[in-house]
Amino acid sequence: MPETVRPTAGAPPSRLVLWDVDGTLLRAGEVASAAFTRAVEAIVGRPVRHRVRMSGKTDPQIVGELLAEAGVPDPKRHVTAILARLQVELRGAGPVIAARGEVLPGIRELLPTLHADPRFLQTLLTGNLAPNARVKVGAFGLDRWLDLEVGAYGSDDADRRNLVPVALERVARRRGRRFEPGAVWVIGDSDNDLACARAAGARCLLVGTGRATREELLPLGADATLADLSDVAGVVALLAG
Ligand SMILES: [Mg+2]
């Protein structure tokens, strides 16, 4: 493992780490995907039997695709109400997520390690609506390591590729810190995470703990691709480099 030089005390963070949630930090389990179906059914009043690929997509995008698959006329009309319902469905789901879901390898050590290291500022960049992201990471107590107020969420933009600038703007406004795109790492588990990093000129670490394995992710050509994040010292050195 390469030795890394500790910055002098009081130096501002030099790396912004933007974490995807599902498949990267944790798996929320069936309750999270079932909440989509229930929310759509509750609002459009008919059963939804279709499933769509959710990996790397924003919540508004998933809802739009579910409505299209279900053949609901004028789907845009329902999206806002369904997203509100989705939030209600997940509001009390923390205990079930904690019981049936899991935190992915290395995360329980990596998040506090980065939090304690002054070189890093870390938050979320996720397709989840902000309140739903908070429920998921909060279910496992991961929220204490993340500066959630400066994150970027599916509630900010339905197109994930627009989310890095949202986080950068919040970090500048709320924490007085400006990061060049090359000092930003997007960590995710799908091609959509990579596309979002590329759109902003940020670096991207892909991890094979979601739907795709490391071997499947490798050809995408991210800046780094790992099977999981269990080599905590190695990941810290990579992000600091
Ligand atoms: Mg993901």
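Residues numbered from 1 in each chain as written. Predicted model: local features only at pLDDT ≥ 70, side-chain atom pairs only at ≥ 80, totals over all residues. Heavy atoms only, no water.

**Q** Give me the overall build of the protein chain: which residues, what numbers.
**A** Helices and strands together make up the secondary structure of the protein chain, namely 10 helices and 7 strands. Taken along its principal axes, the extent of the C-alpha atoms in the protein chain is 60 × 35 × 35 Å. Summarising the internal contacts of the protein chain: among those between residues at least 6 apart in sequence, 68% fall at separations of at least 24. Here the protein chain displays about 10,900 Å² of accessible surface, and carbon together with sulfur accounts for 51% of that area. Separation of charge centres in the protein chain, based on 31 positive and 29 negative side chains, amounts to 4 Å. (Helix = DSSP H or I, 4+ residues; strand = E, 2+ residues; numbered from the N terminus. Contact = heavy atoms within 4.5 Å. Areas by Shrake-Rupley, 256 points an atom, 1.4 Å probe, with all protein chains shown as cover. Lys, Arg positive; Asp, Glu negative; His and termini not counted. Charge placed at Lys NZ, Arg CZ, Asp CG, Glu CD.)

**Q** Account for the pattern of salt bridges, naming residues and giving values.
**A** Working definition: two side chains of opposite charge can pair if their charged atoms are close together. In total, this model carries 16 salt bridges according to the counting rule given. One salt bridge in this structure joins Arg 160 and Asp 193, with 2.9 Å as the shortest N-O distance. With a gap of 33 residues between them, Arg 160 in the loop between helix H6 (130-139) and helix H7 (163-175) and Asp 193 in helix H8 (residues 191-200) connect regions that are remote in the sequence. Members of the salt-bridge network, linked through shared partners, are Asp 20, Arg 160 and Asp 193. (Salt bridge = Lys/Arg side-chain N within 4 Å of Asp/Glu carboxyl O.)

**Q** Account for the pairing of strand S1 (residues 15-19), with residues named and values stated.
**A** S1 sits mainly inside the fold: 5 of its 5 residues count as buried. Burial along S1 is two-sided: Arg 15, Val 17 and Trp 19 facing one way and Leu 16 and Leu 18 facing the other are all buried. Examined bridge by bridge, S1 and strand S4 (residues 120-124) share 5 bridges and lie parallel to one another. Bridge pairing in S4 links Trp 19 to Leu 124. (Buried < 20%, exposed > 50% of the residue type's maximum accessible area, 1.4 Å probe, protein only. Pairing = 2+ DSSP bridges.)

**Q** Tell me what's going on with the domain arrangement of the protein chain, and back it up with residues and numbers.
**A** For the protein chain, the assigned domains read domain 1 (15-28 + 98-240) and domain 2 (30-95). A separation of 24 Å is found between the C-alpha centroids of domain 1 and domain 2. Taken together, the 22 residues of domain 1 in the interface contact 18 residues of domain 2. Roughly 1,500 Å² is buried in total at the junction of domain 1 and domain 2, and carbon and sulfur atoms are behind 54% of that figure. When residues of domain 1 are sorted by the area they lose upon contact with domain 2, Leu 129, Asn 132 and Val 135 head the list and together hold 29% of the total. (Domains from an automatic or database assignment. Buried area = accessible area lost by both parts, 1.4 Å probe.)

**Q** I'd like a description of the environment of Glu 65, backed by residues and values.
**A** Among the secondary structure elements, Glu 65 is positioned in helix H2 (residues 59-69). We classify Glu 65 as partly exposed; its relative accessible area is 27%. Sequence spacing of Glu 65 and Cys 196 is 131 residues, and the spatial spacing of their C-alpha atoms is 19 Å. In this view, Glu 65 contacts Val 52, Arg 53 and Lys 57; residues no more than four positions away in its chain are not counted.

**Q** Could you give me a rundown of the packing of helix H5 (residues 107-116) against helix H10 (residues 232-240), with the residues and numbers involved?
**A** Following both chains from N to C, one finds H5 and H10 inclined at 40°, their axes separated by 10 Å at the closest point. One finds that H5 runs oblique with respect to H10. The two elements H5 and H10 meet at a crossing, and its hand is right-handed. For the pair formed by H5 and H10, the contact residues are Glu 109, Leu 110, Thr 113 and Leu 114 on the first element and Val 232, Val 235, Val 236 and Leu 239 on the second. Among the residues making up the contact of H5 with H10, the classes are represented as 6 nonpolar, 1 polar and 1 charged. (Axes fitted to C-alpha atoms, helices over the stretch in contact; angles between N-to-C directions. Parallel < 35°, antiparallel > 145°, perpendicular 65-115°, else oblique. Left-handed = near helix turned anticlockwise from the far one by under 90°. Nonpolar A, V, L, I, M, F, W, Y, C, P; charged D, E, K, R; others polar.)

**Q** For the confidence of the model for the protein chain, give the residues involved together with the corresponding values.
**A** Per-residue pLDDT for the protein chain has a mean of 93; in total, 96% of the residues score no lower than 70. Across residues 1-7, confidence stays below pLDDT 50; counting only partners more than four residues off in sequence or on other chains, it has 12 contacts. (pLDDT = per-residue confidence, 0-100.)

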